[in-house]
Amino acid sequence: MFWKQQIEALEARILQKKQEIENAQAYGHALFKHGQLNANQFPSYFGNFLATNQQSTQAFLAQQMPPVVASWQETNWRSWNIKPENTASVDYVQLIRIGERIEQRESDSQRFIVPEFAPFIGAHKTIIIRCNNSTRDMGLGLLQSLVVRTALLLPHQIRYTLCDPANNGGAFLMRRSLPEGLVRENSGELYRDLLEVEQDIRRVKETYLDPQAPALHLLPAEIRINERFEGIFAADFPKRYDRRDIEELQKIGNSGADAGRYLFIHYNEDLPLPRDISIEEFENAFYINLNNLSQTRSQCQLKFYPDTVPDASLQKDLLEKVKLAKPPERKLDWHEIVGISEKQWWTQTADEIIKTPIGGRGSKDSLDIWFGRDGEGRQCAHGMLGAMTGSGKSTLYHVFILGLATRYSPAELRLYLIDGKEGVELAPYRHLPHTEVVSLHSSPELSRSILTELLEEKERRNSLFKSMRVNDFTAYRQIAQPQDKLPRILFLVDEYQELFEGDQDGIASIQLLTLAQQGRSAGIHMLLASQGFGAAGMLKQTAIFGNIHLRMGMKMSHADIQSLTEFGKRGKQLLMTCDLPGKIVVNDSSGDDNANSVGKVAFLEKERRDELIQKLVTKQEQLSRLEYTKTVVFDGNAQPNLIDNPQLRRLLEQGKWQTPAEWEVLARQPINQGGLEGVDWFAAEHPMVMWLGQEYSVRKQAMMIMRRRAGENALIIGVDFNTARYGMLAAILTSLAVNTKPKNLKFFVLDRSIPGTQWHTTLQYVCESVLRPAQFFASFSRDNQKVSPILDNLITELEQRMQLSEADLLDRSSLFVVATELDRIDELRHRNDSYYGSESPLGEKLKRLYIEGASRGIHLILSFSGVKSMSKVVDVKRGLPYFRHRVALQMSEDDSFTFVRDRSASRLQLEGSVPIKALYMDTDSDRCVPFKPYSTESTIDFTEQLQAIGNYLRGWSSNG
C-alpha cells in the first residue's frame with residue numbers, strides 16, 4: 001500500500017511537470033513569434049536612430065580641420081589648403097589622430113566609423129607604438145603617418161629629430177619633402193643628436209618657463225610663437241640603439257613635454273632591451289598596442305584600425321603645401337620694445353657708452369647691444385654678426401641704427417655704413433642726420449678707403465687727446481667744451497669679407513687689426529657682418545677677433561656653426577636653435593659660454609622706418625644752431641650725382657661766390673674739413689677747380705685744378721661711353737661757374753656731337769640754363785663755319801695778352817674753350833691724317849692756343865671718342881704733352897699706353913660695363929686716379945641737377 005501511494009504521487013508530479021513544460025513551450029513560442037514580429041520592425045525603428053547618430057557624427061567631423069580628423073583616404077585632400085589663421089594656435093592639437101574605430105556589424109553596409117586619437121600637446125605623454133615582428137611594418141606606417149600629420153597640424157611650428165639607426169634614415173624618406181631647416185641635421189652619432197635635444201629642453205625651460213607658465217604651450221602667444229615644438233621620432237626601437245641612446249630618449253620622454261619636445265617611439269617587443277632597462281622607464285607613456293588588434297574593441301564593438309602612411313603622391317602634395325604655407329610669426333613691435341617718446345630723443349650722452357635694445361629675450365627682458373664701457377667697468381669695443389640670407393639680418397640693422405639714432409644726437413654719434421656689393425638695405429640712411437658715409441653696392445677698394453679714413457680720424461683724435469693731456473675718448477669728453485665734444489663713431493659693414501678681395505698686400509687686415517686694437521680708446525667702434533664669422537683672405541684673424549667683445553649669431557648653416565671658435569659649446573648649441581627669422585644669440589663677453597642671451601629682434605615696418613628717419617631729419621633742421629656734415633653717398637652700381645658732391649654743395653650753400661682770398665683758405669684745408677688739400681693753391685695763378693666724378697674714396701672727389709701755367713689744358717677720351725664724356729664736360733662747365741663771378745670768366749663751347757643722341761643737347765642746356773641765367777658770357781655753336789671766326793678771335797685775344805705785363809694780365813678774365821669731336825671738322829684735321837702729319841692752317845691756330853694760351857688764361861678742354869680721333873687734330877708727339885690733364889675712359893691697351901703711359905685705361909671695365917669707370921691723370925705729378933665719372937644718365941635726372949645748380953647761381957647773380 002505504501003509503495004502504491006508513492007508511485008501515484010510521482011506520476012502526479014510528472015504530469016504537473018509535463019504541463020509546466022507545455023506551458024513554457026507555449027510561452028516560448030509566443031515570445032518567439034513576438035520576437036520575430038519585432039525583429040522585422042527593428043531596422044525601420046532603431047535604424048533611424050543609428051542613421052541620425054551617424055549623420056550627426058559625420059557632419060561634426062566634416063566641420064573639423066582635415067589634419068585633425070580625416071583619414072588619408074578622404075578625397076578632399078587635394079583641394080585642401082593650410083589656412084594662416086589656424087597656424088598660430090595649439091588648441092586644436094591637444095589630440096592627434098592615430099587611426100579609426102569601425103563598428104563590427106557585418107550585415108550592415110553602413111558601419112559606424114569614428115577617428116581614434118592619442119594625447120598630444122599639453123598631455124605630457126610619450127607615444128609608444130607597441131608592435132612585434134609581424135606587425136612591425138604596420139607600426140612603422142603609423143609612425144610615418146604621425147610625422148606627416150604633425151607637419152600639417154603645426155606647419156612651420158614643429159621641427160623634427162628623426163632617429164633610425166637600423167636603416168640609416170630609410171624609415172623617414174619624407175625628410176627631403178619637409179620644409180628646409182625643420183629637420184635637425186644628423187651628425188652620424190645618435191647620442192650626440194639626442195644630447196642636443198636635451199640641451200635645447202634645458203634652454204627653453206631656463207629661458208621661458210616659470211610658475212605662471214610651466215610649459216611651452218602655456219606661454220603667451222606673442223612669446224611662444226617664436227619657438228618651435230619638436231617631434232622626436234624613433235623607428236625600429238630598440239634595434240641598434242645602444243644604452244646611451246636609450247637613456248637619452250628616456251630623459252627626453254620624461255622631461256621634454258614641458259619644453260614642447262614630444263617623443264614618438266616605434267617599439268618592436270620581439271627585440272630585447274639592454275639588461276636593466278625596461279620600457280616602463282618611459283614615464284607617462286601612452287601605448288598604442290598593435291599586437292592584439294582582434295581584441296581591441298570598445299564596449300560598443302568598435303574595432304581599432306591604425307593609420308598608414310599616405311601614398312607617395314599625396315604625401316608629396318601635402319608636404320609641398322606645408323612648404324608654401326607662410327610660417328606664423330609674432331613680431332615684436334619696435335615702438336614697444338626699442339622706441340622711446342620723441343621728448344626723450346637725443347637726450348642720452350655717449351661719454352661712456354652707446355646702448356639700445358634690439359628686441360626681447362625670455363618672457364619679459366629686453367635684449368640690448370652696446371659699445372663702450374658699462375657701469376661695471378666691462379668693455380665692449382667692437383662687434384661681429386654672423387647671419388645667412390633670410391635670417392632677419394636687415395631688420396636687425398634697421399632696429400639697431402634707429403634705436404641709437406633716436407637716443408643719441410648727431411653730435412653724440414656718427415655712422416659709417418657700408419652695404420655689400422648686392423646690398424640696398426642701408427640706402428634709406430643716406431638722409432639720416434647721423435650718417436657720415438653710406439656706401440651702397442660697395443667695391444672692395446672703396447670699403448678699404450673708409451678704413452683708411454677711420455684710421456686717419458683715430459690719429460687725429462689721439463693727437464688731440466695728447467694735446468689735452470688725456471688718455472682716451474671718455475676722459476676727453478669729460479673736459480671738452482660742449483661745442484668741441486667729439487662724437488662716437490660706429491662703423492657698420494655688411495658682407496665685410498669683401499674688404500679682402502684683391503687685397504694681395506693684406507692692407508685691409510692690417511687696418512682692421514689697428515682699429516680693433518686702438519679704435520675703442522678713440523671712440524671708434526666696428527660692427528662687422530657676414531654669412532659666417534671668418535673671411536677668406538683675412539689675415540691676423542685671431543688677433544682681430546680677440547678685440548671683438550660682442551658676438552652675435554642668427555640663422556647660420558650647421559657647418560658654419562660647428563666650425564665656430566668665437567662661441568663656446570653652449571653658444572653653438574644655442575645658435576642651432578636660430579631657425580626662425582629674427583632669432584638671435586647675443587654674447588657681449590668675448591664668447592664666454594655663460595654670457596649667451598637668446599632672443600628675438602624687434603620688427604620695424606618700412607613705412608614706420610622711413611617716417612622715423614624723416615622725423616629725425618626734421619628735428620635736425622629745427623635745431624638750426626647745429627650744423628652737421630652732409631652725408632657722403634657712394635653707390636657702387638650707379639654713376640654719382642653732381643648735386644650730391646659735398647664740396648660743391650658746401651659752396652652752393654654759402655650763397656655767394658668766394659673771393660680769391662677765401663678760395664685760397666678753403667682750398668688748402670683738409671678734405672675732411674671741406675677743403676681741397678690744394679697746398680699749391682695761389683690766387684695769383686687764377687686756379688679753377690673742376691669736378692669730374694667721385695673717387696673710390698670716402699670723401700675725395702675726382703677733380704682737376706687748372707692754373708695759369710703752360711700746358712694747363714685737358715683732354716677727355718673715351719670709346720662707347722659718351723654719356724660719361726658729356727656728363728663730365730657739363731660738370732666742368734658748371735664747376736667753373738661756381739668758382740668765380742661772371743666778370744672773371746668766359747666760355748666758348750663748340751659741340752660737334754651727333755644729332756639725335758641722348759647727350760646731344762647737354763652742353764647747350766648748360767649754357768642756356770646754368771651759365772647765361774647767371775650772367776656768364778657763354779658762346780655756344782655747332783656750326784663748322786663758325787670755328788674759324790672763334791679761333792681767330794681767340795688768337796687775337798691771345799696776342800693782346802702777350803703784350804700785357806704780368807700785373808695787367810691778372811685782371812683779365814679766364815677763357816675756357818670746350819670743344820667736342822673736332823675730328824669731324826675737316827679744316828682742323830691733319831693734312832695726311834697721320835700721327836705726324838702737317839697741321840692745317842686752322843689746326844695751326846688751335847695748336848698755338850693750347851701751346852701759348854694756358855699761361856695767359858686761355859684754357860682748352862677737348863673731348864674725342866678715341867685716341868685715333870684725337871690724333872687727327874692733336875699731334876700725339878708734339879701736341880699731347882701740352883695737355884697736362886687727361887681723362888681716360890675704357891680704351892684699347894695700345895691707346896692706353898699712348899694716352900696715360902700704361903695699360904690702366906684698358907682695364908677700367910674688367911668687372912663689367914656698370915658702373916662706368918674713368919681714370920684721371922696729371923702728367924706733371926704723374927698721378928693717376930680711378931673714379932666714377934658724372935654721366936648724363938644718373939639716378940637723379942641730369943637736367944634737374946643742372947637746373948638746381950643754375951638756380952643757386954641765378955640767386956647769387958641777383959644778389960650782386
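Residues numbered from 1 in each chain as written. Predicted model: local features only at pLDDT ≥ 70, side-chain atom pairs only at ≥ 80, totals over all residues. Heavy atoms only, no water.

Description of the overall build of the protein
- Secondary structure summary: the protein contains 26 helices and 30 strands in total.
- A globule of 960 residues ought to have a C-alpha radius of gyration of about 30 Å, yet the protein, at 42 Å, is considerably larger.
- Projected onto its principal axes, the C-alpha coordinates of the protein cover approximately 190 × 65 × 50 Å.
- Relative to its 960 residues, the protein shows a buried fraction of 55%.
- Considering only intrachain contacts with a sequence separation of at least 6, the fraction spanning at least 24 residues in the protein is 72%. (Helix = DSSP H or I, 4+ residues; strand = E, 2+ residues; numbered from the N terminus. Rg over C-alpha atoms; globule rule 2.2 N^0.38 Å. Buried < 20%, exposed > 50% of the residue type's maximum accessible area, 1.4 Å probe, protein only. Contact = heavy atoms within 4.5 Å.)

With respect to the environment of E336
- Examined against the element boundaries, E336 turns out to sit in helix α8 (residues 334–337).
- Overall, the relative accessible area of 70% leaves E336 in the exposed class.
- Sequence separation of E336 and I716 is 380 residues, and the distance between their C-alpha atoms is 57 Å.

Let's talk about unusual backbone geometry
- In the segment running from F237 into P238, the intervening peptide bond is cis, with an omega of 5°.
- Tracing the backbone shows P238 in the loop between β5 (229–237) and α6 (243–255).
- The linkage connecting V914 with the following residue, P915, adopts the cis geometry, with an omega of -5°.
- Mapped onto the elements of the fold, P915 is located in the loop between α25 (893–900) and β29 (918–922).
- Unusually for a residue other than glycine, R469 sits at a positive phi of about 60°.
- Mapped onto the secondary structure, R469 falls in the loop between α10 (444–467) and α11 (473–479).
- R469 gets classed as exposed once you look at its relative accessible area, which sits at 80%.
- Located in the positive-phi region is E821, a residue other than glycine, with phi close to 50°.
- Tracing the backbone shows E821 in the loop between β26 (814–820) and α23 (841–852).
- According to the relative accessible area criterion, E821 is buried, its value standing at 8%.

Overview of the packing of aromatic side chains
- Counted according to the given criterion, the structure contains 22 aromatic pairs.
- Between Y160 and F233, the ring centres sit 5.9 Å apart and the planes meet at 40°, which makes this aromatic pair tilted. Residue Y160 is located in strand β4 (residues 158–163), and its partner F233 is located in strand β5; the two are separated by 73 residues in the primary sequence. Each member of the pair, Y160 as well as F233, is classed as buried.
- Note on Y850 and F883: the rings are 4.9 Å apart at their centroids and 50° apart in plane angle, and the pair reads as tilted. One end of the pair, Y850, is in helix α23; the other, F883, is in the loop between α24 (867–871) and β28 (885–888), with 33 residues separating them in the sequence. (Phe/Tyr/Trp six-rings, centres within 6.5 Å; stacked < 30°, edge-to-face > 60°.)

Looking at the confidence of the model for the protein
- On average, residues of the protein score 88 in pLDDT, and 92% of them are at 70 or above.
- Of all the helices and strands in the protein, helix α1 (residues 2–62) carries the lowest mean pLDDT, 69, while strand β23 (residues 714–717) carries the highest, 98. (pLDDT = per-residue confidence, 0-100.)

Here we look at the packing of α10 against helix α12 (residues 507–518)
- Following both chains from N to C, one finds α10 and α12 inclined at 35°, their axes separated by 10 Å at the closest point. Here α10 and α12 pass one another in a crossing that is left-handed. Residues R448, L451, T452, L454, L455 and K458 of α10 lie in contact with α12, whose contacting residues are A508, Q511, L512, T514, L515 and Q518.
- The class makeup of the residues in the contact of α10 with α12 is 6 nonpolar, 4 polar and 2 charged. (Axes fitted to C-alpha atoms, helices over the stretch in contact; angles between N-to-C directions. Left-handed = near helix turned anticlockwise from the far one by under 90°. Nonpolar A, V, L, I, M, F, W, Y, C, P; charged D, E, K, R; others polar.)

Focus: the sheet that holds strand β24 (residues 745–751)
- Ordered by their spatial adjacency, 10 strands build an open sheet running β22-β21-β30-β29-β28-β23-β27-β26-β24-β25, and the pairing between neighbours is mixed. The sheet is open, and its two borders are formed by β22 (701–706) and β25 (777–781), each paired with just one other strand. On average, each strand axis in the sheet is tilted by 20° relative to the strand beside it, whichever way the strands run.
- Two elements, β24 and β25, share 5 bridges in a ladder whose sense is parallel. Counted as the bridge partner of F747 is A778 from β25.
- The strands that helix α19 (residues 722–739) touches are β21 (688–695), β22, β23, β24, β26, β27 (858–864), β28 and β30 (927–933); relative to β21, the one it contacts most, it runs at about 140°. (Pairing = 2+ DSSP bridges.)

Regarding the pattern of salt bridges
- Following the criterion strictly, the structure yields 64 salt bridges and no others.
- For the salt bridge of E198 with R202, the shortest nitrogen-to-oxygen distance reads 3.8 Å. You can see E198 and its partner R202 sitting in helix α4 (residues 190–208), 4 residues apart, about one turn around the helix.
- Here E352 ties to R373 by a salt bridge, and the two come within 3.7 Å at their closest N and O atoms. On the criterion of sequence distance, the pair formed by E352 in the loop between α8 and β9 (353–361) and R373 in strand β10 (residues 365–373) is long-range, its members being 21 residues apart.
- On the basis of relative accessible area, R373 is assigned to the partly exposed category, the value being 26%.
- Salt bridges sharing partners connect three or more residues here, namely R159, R184, E196, D200, R203, E227, R228, E230, R261, D579 and K583. (Salt bridge = Lys/Arg side-chain N within 4 Å of Asp/Glu carboxyl O.)

Section: α23
- Look at α23: 17 Å from first C-alpha to last across 12 residues, which is about the 16 Å you get at 1.5 Å a residue.
- Three or more residues of α23 are buried, namely L842, G843, L846, K847, L849 and Y850. Buried residues in α23, looked at end-on, bunch into an arc of 160°, giving them a common side.
- Close packing links the buried residues of α23 with α21 (787–802) and β27. (Expected span 1.5 Å × (residues − 1). Arc of directions from axis to C-beta.)

Quick notes on the nonpolar core
- Membership of the largest hydrophobic core comes to 76 residues, with the highest contact counts inside it found for F172, F233, F237 and L249.
- Ranked by the residues each element gives to this core, the list is headed by helix α3 (residues 136–153), at 9 residues.
- Counting 63 residues, the second largest nonpolar core, distinct from the first, contains A737, C767, I949 and L953. (Core = buried A, V, L, I, M, F, W, Y, C linked by side-chain atoms within 4.5 Å.)

Structural notes on the side chain of T135
- Among the secondary structure elements, T135 is positioned in the loop between β3 (126–131) and α3.
- Residues in contact with T135, not counting those within four places in the same chain, are L290 and N291.

Digging into the state of the cysteines
- Tallied over the full model, the rule gives 0 disulfides.
- Just so you know, C131 is unpaired, no disulfide at all, and the nearest cysteine sulfur is the one on C163, 16 Å from it.
- Take C131: its relative accessible area is 0%, and that puts it in the buried class. (Disulfide = S-S within 2.5 Å.)

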